[in-house]
Amino acid sequence: MAVNTSAQSPLPVGEVSRLIGGWIDRLGAVWVEGQITQLSRRPGAGVVFLTLRDPSYDISVGVTCYRQVFDAVADVVSEGARVIVHAKPEWYAPRGQLSLRAAEIRPVGVGELLARLEQLKKSLAAEGLFAPERKKPLPFLPQLIGLVCGRASAAERDVLENARHRWPAVRFEVRNVAVQGVHAVPQVTQAVKELDALDEVDVIIVARGGGSVEDLLPFSDEQLVRTVADCRTPVVSAIGHEPDNPLLDHVADLRASTPTDAAKKVVPDVGEELQRVQALRDRARRCVRAFVEREERGLAHALARPSMEDPHRMVDERAEQIAALADRSRRTLRHLLDRAESELAHTHARVVALSPAATLRRGYAVLQKADGHVVRSPQEASEGEALRARVAEGEFTVRVEDRAGN
């Protein structure tokens, strides 16, 4: 129930604590899952104190139980173990502290953990976080590699030594974190976020040298998986070679079986690259040589043609043909002209022979009246009429005295 208070009528701290305790007392018992981070079993004490933590959200709550409750699972439960607790919330008014009073503690078995991981895997896969099209390609030669691993761990040594052996100039930005236990998830997640925020980091490697299913649980945490899925920088998972791969292997852009394998897949081998460059240079040289030789053969074949050996030969042949055609055309034209000249001479002779002037030169004359009309018959001339007589050398006037036939 809500409490009416004001600045003029505030509640004492004890009253507030009492009210909170009353509200919490009305809560029923609940089943809670978490990871034991602190365990206190004082000799002779009848109560065991432990802290239950949610690694995904970095939240802890204190738990108390009677010794006989804890003794039932003392052989299989220790710090770092995941347990399920049936407890009732309690409020300790003098300190204003919430805790859980456990009536039963159950260890979480490996089979149950794997079943939950499989369920989480299906849920994340349904969201598309493991889709191949989300995978980002790794750069050919990263200038700066982000490495998330345990401090002074074999995984760190394997990655650094193998990468620098393959490419001595490679640089690393290392983040040493807890890779198992209650602090692993928040530290690994924070390290990945920090490296992803650095523009000069080209690829991120998350490495650990294997371990049991329980040891690898932080790398299947949903929060870490979603953080890796949101990274703009390619992420490589190198969490050893367990048969049951952590979910980080599925969301990462590349999975390496071991930290050494990660170094080999991320960093190219300078010796291999030099060999590849030399092989490409040899191949290019062979291609160029083959091309030049092919062109030389083609040029030699072209030069061996008659037209190339004696370039003037074709011109000379054409010149002879042109000369022959010119002579032929001259002869033909001359023949045509001679024949035309002969025909013209014959025609001219016929024209001359048939012309009136030739007739006049033979002694004939043409009589014309004053109007120019040619007299063809005696009847056309009148007696005493003056006519013009036209002869070969000129003309003169005659007069009709007597018409023949009168």
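Preceding this paragraph is the structure being described.
Described below are features of the structure shown in this document. (Residues numbered from 1 in each chain as written. Predicted model: local features only at pLDDT ≥ 70, side-chain atom pairs only at ≥ 80, totals over all residues. Heavy atoms only, no water.)

**A word on the layout of surface pockets**
Argument step 1. Estimated volume of the second largest pocket: approximately 320 Å³.
Argument step 2. Considering the residues around the second largest pocket, the lining is formed by 15 residues, among which Phe 49, Gly 62, Thr 64, Gln 97 and Ser 99 are closest to the centre.
Argument step 3. At the level of secondary structure, the elements contributing two or more residues to the lining of the second largest pocket comprise strand E1 (30-40), strand E2 (47-54), strand E3 (59-66), strand E4 (82-92) and strand E5 (97-107).
Argument step 4. For the lining of the second largest pocket, the class distribution of residues is five nonpolar, seven polar and three charged. (1 Å grid on protein atoms, 1.4 Å probe; cavity = no way out; pocket = protein on both sides within 12 Å on 5 of 7 lines; lining within 4 Å. Points joined across faces, edges and corners; volume = space filled by probe spheres on them. Helix = DSSP H or I, 4+ residues; strand = E, 2+ residues; numbered from the N terminus. Nonpolar A, V, L, I, M, F, W, Y, C, P; charged D, E, K, R; others polar.)

**Quick look at the packing of helix H4 (residues 154-166) against helix H8 (residues 259-266)**
Argument step 1. H8 packs onto H4 with a crossing angle of 30° between their chain directions and a minimal axis gap of 8 Å. Regarding the angle of H4 to H8, the classification is roughly parallel. For H4 against H8, the interelement crossing comes out right-handed. Residue-level inspection shows Ala 155, Asp 158, Val 159, Asn 162, Ala 163 and Arg 166 of H4 in contact with H8, the latter providing Pro 259, Thr 260, Ala 263 and Lys 264. (Axes fitted to C-alpha atoms, helices over the stretch in contact; angles between N-to-C directions. Parallel < 35°, antiparallel > 145°, perpendicular 65-115°, else oblique. Left-handed = near helix turned anticlockwise from the far one by under 90°. Contact = heavy atoms within 4.5 Å.)

**A look at the sheet that holds strand E7 (residues 171-176)**
Argument step 1. One open sheet holds the five strands; their spatial order is E7-E6-E8-E9-E10, and the pairing between them is parallel. The strands lining the two open edges of the sheet, one partner per strand, are E7 and strand E10 (254-255).
Argument step 2. Sheet analysis places strand E9 (residues 235-238) next to E10, joined by two bridges and oriented parallel. By the bridge assignment for E10, Val 236 is matched with Leu 254.
Argument step 3. Lying over the sheet, H4 contacts strand E6 (144-149), E7 and strand E8 (203-207), oriented at roughly 175° with respect to E7. (Pairing = 2+ DSSP bridges.)

**As for the pairing of E6**
Argument step 1. By the criterion of burial, E6 is predominantly enclosed, with six of the six residues buried.
Argument step 2. Of the two faces of E6, the one holding Leu 144, Gly 146 and Val 148 and the one holding Ile 145, Leu 147 and Cys 149 are both buried throughout.
Argument step 3. In this sheet, E7 lies alongside E6 in parallel orientation, the contact comprising six bridges. Bridge pairing links Cys 149 to Asn 176 in E7.
Argument step 4. This β-α-β element, E6 to H4 to E7, shows right-handed connectivity.
Argument step 5. Of the strand pairs in this sheet, E6 and E8 are connected by four bridges, and their pairing is parallel. Bridge pairing links Ile 145 to Val 203 in E8. (Buried < 20%, exposed > 50% of the residue type's maximum accessible area, 1.4 Å probe, protein only. Right-handed = clockwise from strand over helix to strand, strands pointing away.)

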